[in-house]
Amino acid sequence: MEANDDDHGAFMEKFLLLPPSPSSTLPLHGLTFAIKDIFDVAGHVTGFGTPDWARTHAPAAATAPAVLAALAAGATGVGKTVMDEMAYSINGENAHYGTPANPCAPGRVPGGSSSGSAVAVAANLADFALGTDTGGSVRVPAAYCGVFGLRPSHGSVSAEGVVPMAQMFDTVGWFARDLATLSRVADVMLPPAPAAERRPSRVTVPADCFRILGSSLDGRTYEIVNASVAKTFGSDVVDNGDLGDFVSSNVPSIGKFIVVGSSASRVPALSAISHVMRVLQRSEFKANHAGWINTVKPNLGLGIRERVQEAIASADDPTMEDLHTVRTEFRSALAALLEQDGILVIPTVPGAPPRLRMEAAALEDFRARAFSLLSIAGLSGFCQVSIPLGIRNGVPVSVSLLARHGADRFLVGVAQELYEALRVEAAATWGSSA
C-alpha cells in the first residue's frame, strides 16, 4: 500500500480536536499537532498500527492525558498518524496502511515506529506531533526525517491512555521543526521545575560512539561536535573518553553479556547494553500482548511478524535477574558520569536512513548498530534530544544530546545554546570537504 501524495501518507485519519479555550494567552495557542495512533482519543479506535487490533477494540472512552495537555494549552489536533505495527520496529514501513513518504530523503524509510508523526512535522502538515519511544521510536524517525525529537526522562510524561509496548521503557515524546516549538511543548508536557539557566560542567563526546557510524561521516561529525562544543562552552568541558570502556569498568555485571570479536563498527559493551534492553523489552511485550496475539492470530507484515512471533515464543530468560542488575548498575554509572550538569553527545543513528525494502541482512546489521546507541537512553531512562545537523550527500545527518533523568529542561536549554554552532560548523565542514 503506497503513501497518499497529498499528506505523504502520514495520517490514518484526519479530524479537528479544538482546544477547550481559544485564549491567545495559552502557551500552544495557534499550533497544530498530530497524534500517533497509539494514543487514545475519545470516540476513535486506537489502531496500534495494525487492522486486526483496530477490528478487535472498541472506540476509546477517554482521551490520553498527553493529548489533553496539548489541547488545554491551546493546540489543535489535526488527526492520527500511521505507525509501525504494534510499535515493534524502528523502520517505519507498514504493510497494511502504507509507508509514510520521507520528505527529507525520498526513497528511504521515515523511521518508526512513530513514522507518521515525524513525517507530518517534516512535511509541514502539523507544527508538532506526539509519538512514543520505547527503543527509539521518536529519536529514529526524527533523525531520518531531519526534525527535532525529544525522548523525555522515563516516567516524566503520563503514558496513561497509550497502548503499552514495554512499560519499563515506554515514553511519550514529540517532534518539531524548530527548537523553539520543541521547547514550548516541553514547557507544557514536563513536570514543573524551578527556572535555572546552567551551563554544562562536562560534555562527553565519546569517539567510540562516532566510530559506530562506520563511514567517512564518523570523523567529520565527530569533528563538528567537538568544535561546536568548544566554541559554545569552552574546550575545557570536552571529554573524549570512550563510553564502551567506561561501561566495561563501571557496570560490574555487564561482562557476562559482552561478546568478544565484534567488528570495528561495534562497541562490545554497548552491544551488550542493547542485548539487555531488548530481552527485557521482549519479555514485557510478551506479558502485555501474548494473550491477544494467540487468540486473534493477527495478520502482521513481514519483519514485524517474525519479531512478534519470536517474542511470544520466547521462554523466560534464566538470566533475567542479571539483566535487571545490569539495568540498575548502568543507570547508576551513567548518572555518575553525567552528574548534575553533564551532557553526553552521540550519533542518533549509525548512518543514513535505510532505503525502502532494504535487503534483510543489511537491515539487521544496521538495526544492531542503531540499538547500541539507542539503548543508552533506553536502558537508563535518561532524556535524549535528536538534533538535525542538515543534509549531506542527499541524506539527513543528526546528533543527540543526553542528560540525567529529570534534567529534561536543562537538556533542551543546552540544545538551544549549542544548535547554532552545530549548524554553522556542519555547513562549513561539509562545504570544505565537498
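To keep things clear, this report deals only with the structure shown in the data block. (Residues numbered from 1 in each chain as written. Predicted model: local features only at pLDDT ≥ 70, side-chain atom pairs only at ≥ 80, totals over all residues. Heavy atoms only, no water.)

Overview of the overall build of the protein chain
Secondary structure summary: the protein chain contains 13 helices and 11 strands in total. Against the globule reference of 22 Å for 434 residues, the protein chain gives a C-alpha radius of gyration of 20 Å, in line with a compact fold. A total of 434 residues make up the protein chain; the buried ones form 58% of that total. In the protein chain, once contacts between residues fewer than 6 apart in sequence are set aside, the share between residues at least 24 apart is 77%. Carbon together with sulfur atoms contributes 53% to the accessible area of the protein chain, which is approximately 16100 Å² in total. The distance from the centre of the 33 positive side-chain charges to the centre of the 42 negative ones in the protein chain is 2 Å. (Helix = DSSP H or I, 4+ residues; strand = E, 2+ residues; numbered from the N terminus. Rg over C-alpha atoms; globule rule 2.2 N^0.38 Å. Buried < 20%, exposed > 50% of the residue type's maximum accessible area, 1.4 Å probe, protein only. Contact = heavy atoms within 4.5 Å. Areas by Shrake-Rupley, 256 points an atom, 1.4 Å probe, with all protein chains shown as cover. Lys, Arg positive; Asp, Glu negative; His and termini not counted. Charge placed at Lys NZ, Arg CZ, Asp CG, Glu CD.)

Side note on the pattern of salt bridges
On inspection of all chains with the given rule, the structure shows 20 salt bridges. A salt bridge links Asp52 to Arg55; the shortest N-O distance between them is 3.2 Å. Placement of the pair is Asp52 and Arg55 together in helix H1 (residues 51-55), with a separation of three residues, close to one helical turn. You can call Asp52 buried: its relative accessible area is 14%. Taken together, the shared-partner salt bridges in this structure form one network comprising Asp133, Arg139 and Arg151. (Salt bridge = Lys/Arg side-chain N within 4 Å of Asp/Glu carboxyl O.)

Thoughts on the packing of helix H11 (residues 320-338) against helix H12 (residues 360-380)
Interhelical geometry of H11 versus H12 gives an angle of 100 degrees and a closest axis separation of 9 Å. In this view, H11 runs roughly perpendicular relative to H12, as classed from their interaxial angle. Contacts from Val326, Arg327, Phe330, Arg331 and Leu334 of H11 reach H12 at Ser375, Ile376, Leu379 and Ser380. Each residue belonging to the contact of H11 with H12 can be placed in one class, and the counts come to five nonpolar, two polar and two charged. (Axes fitted to C-alpha atoms, helices over the stretch in contact; angles between N-to-C directions. Parallel < 35°, antiparallel > 145°, perpendicular 65-115°, else oblique. Nonpolar A, V, L, I, M, F, W, Y, C, P; charged D, E, K, R; others polar.)

A closer look at the sheet that holds strand S3 (residues 76-81)
The mixed open sheet is built from 11 strands, whose spatial order is S1-S3-S2-S4-S6-S5-S10-S11-S9-S7-S8. Among the strands making up the open sheet, the edge pair consists of strand S1 (11-17) and strand S8 (238-239). Sheet topology note: the strand S7 (residues 202-204)/strand S9 (residues 342-347) ladder contains three bridges and is parallel. Residue Arg202 lies in a different strand from S9, and its bridge partner there is Gly342. (Pairing = 2+ DSSP bridges.)

Re the packing of aromatic side chains
Taken as a whole and judged by the stated rule, the model has six aromatic pairs. An aromatic cluster is defined as three or more aromatic residues linked by ring pairs; in this entry it consists of Phe48, Trp53 and Trp292. Sitting over the face of the ring of Phe410, Arg198 holds its NZ or CZ atom 4.5 Å from the ring centroid. (Phe/Tyr/Trp six-rings, centres within 6.5 Å; stacked < 30°, edge-to-face > 60°. Lys NZ or Arg CZ within 6 Å of the ring centre and 35° of its normal.)

A look at the pairing of strand S6 (residues 171-176)
Every other side chain in a regular strand lies on the same face of the sheet, so the side chains alternate between the two faces. Across the six residues that make up S6, a large majority, six, are buried. Burial along S6 is two-sided: Thr171, Gly173 and Phe175 facing one way and Val172, Trp174 and Ala176 facing the other are all buried. Note: strand S4 (residues 128-133) against S6, six bridges, orientation antiparallel. Bridge pairing in S6 places Gly131 opposite Gly173.

Quick word on the nonpolar core
Counting 112 residues, the largest nonpolar core has Phe39, Trp174 and Leu401 as its most contacted members. Among the nonpolar cores identified, the runner-up in size contains 15 residues, and Ala126, Ala129, Val138 and Ala142 belong to it. (Core = buried A, V, L, I, M, F, W, Y, C linked by side-chain atoms within 4.5 Å.)

A closer look at helix H10 (residues 304-313)
The periodicity of an α-helix, 3.6 residues per turn, causes residues three or four positions apart to be oriented the same way. Those residues of H10 that sit buried are Ile304, Arg307, Val308, Ala311 and Ile312. Burial along H10 is one-sided: seen end-on, the buried residues are contained in an arc of 130 degrees. Elements that come into contact with the buried residues of H10 comprise helix H9 (268-296) and H12. (Arc of directions from axis to C-beta.)

Observations concerning unusual backbone geometry
Cis geometry marks the peptide bond from Gly112 to Ser113; its omega dihedral reads 10 degrees. With a phi angle near 55 degrees, Met86 is a residue other than glycine that sits in the positive phi range. Take Met86: it is sitting in the loop between S3 and helix H3 (115-122). In this structure Met86 comes out as buried when scored by relative accessible area, which is 0%. Despite not being glycine, Lys297 has its phi angle at roughly 50 degrees, a positive value. Looking at the element boundaries, Lys297 is found in the loop between H9 and H10. Judged by its relative accessible area of 62%, Lys297 falls in the exposed class.

Focus: the side chain of Asn102
Checked against the element boundaries, Asn102 lands in the loop between S3 and H3. Separated by 2.9 Å, the side chain of Asn102 and the backbone oxygen of Tyr144 make a polar contact. Non-local contacts of Asn102, meaning those with residues more than four positions away in its chain, are made with Arg108, Val109, Pro110, Tyr144 and Cys145. (Polar contact = N/O pair within 3.5 Å; in protein donor to acceptor, adjacent residues only side chain to side chain.)

Observations concerning the packing of H9 against H10
For the pair H9 and H10, interaxial distance at closest approach is 8 Å and the crossing angle is 100 degrees. Between H9 and H10, the angle falls in the class roughly perpendicular. Note on element contacts: H10 touches H9 through Val308, Glu310, Ala311 and Ile312, opposite Arg282, Phe285, Lys286, His289, Ala290, Ile293 and Asn294. For the contact of H9 with H10, the class distribution of residues is six nonpolar, two polar and three charged.

Quick notes on the pairing of S4
Burial of S4 is extensive: six of the six residues sit out of reach of the surface. Side chains Phe128, Leu130 and Thr132 of S4 all project onto a buried face; the interleaved residues Ala129, Gly131 and Asp133 project onto the opposite face, where all are buried too. Taken together, the three bridges between strand S2 (residues 32-36) and S4 define a ladder with parallel strand orientation. Looking across to S4, one finds that Ala34 is bridged to Ala129.

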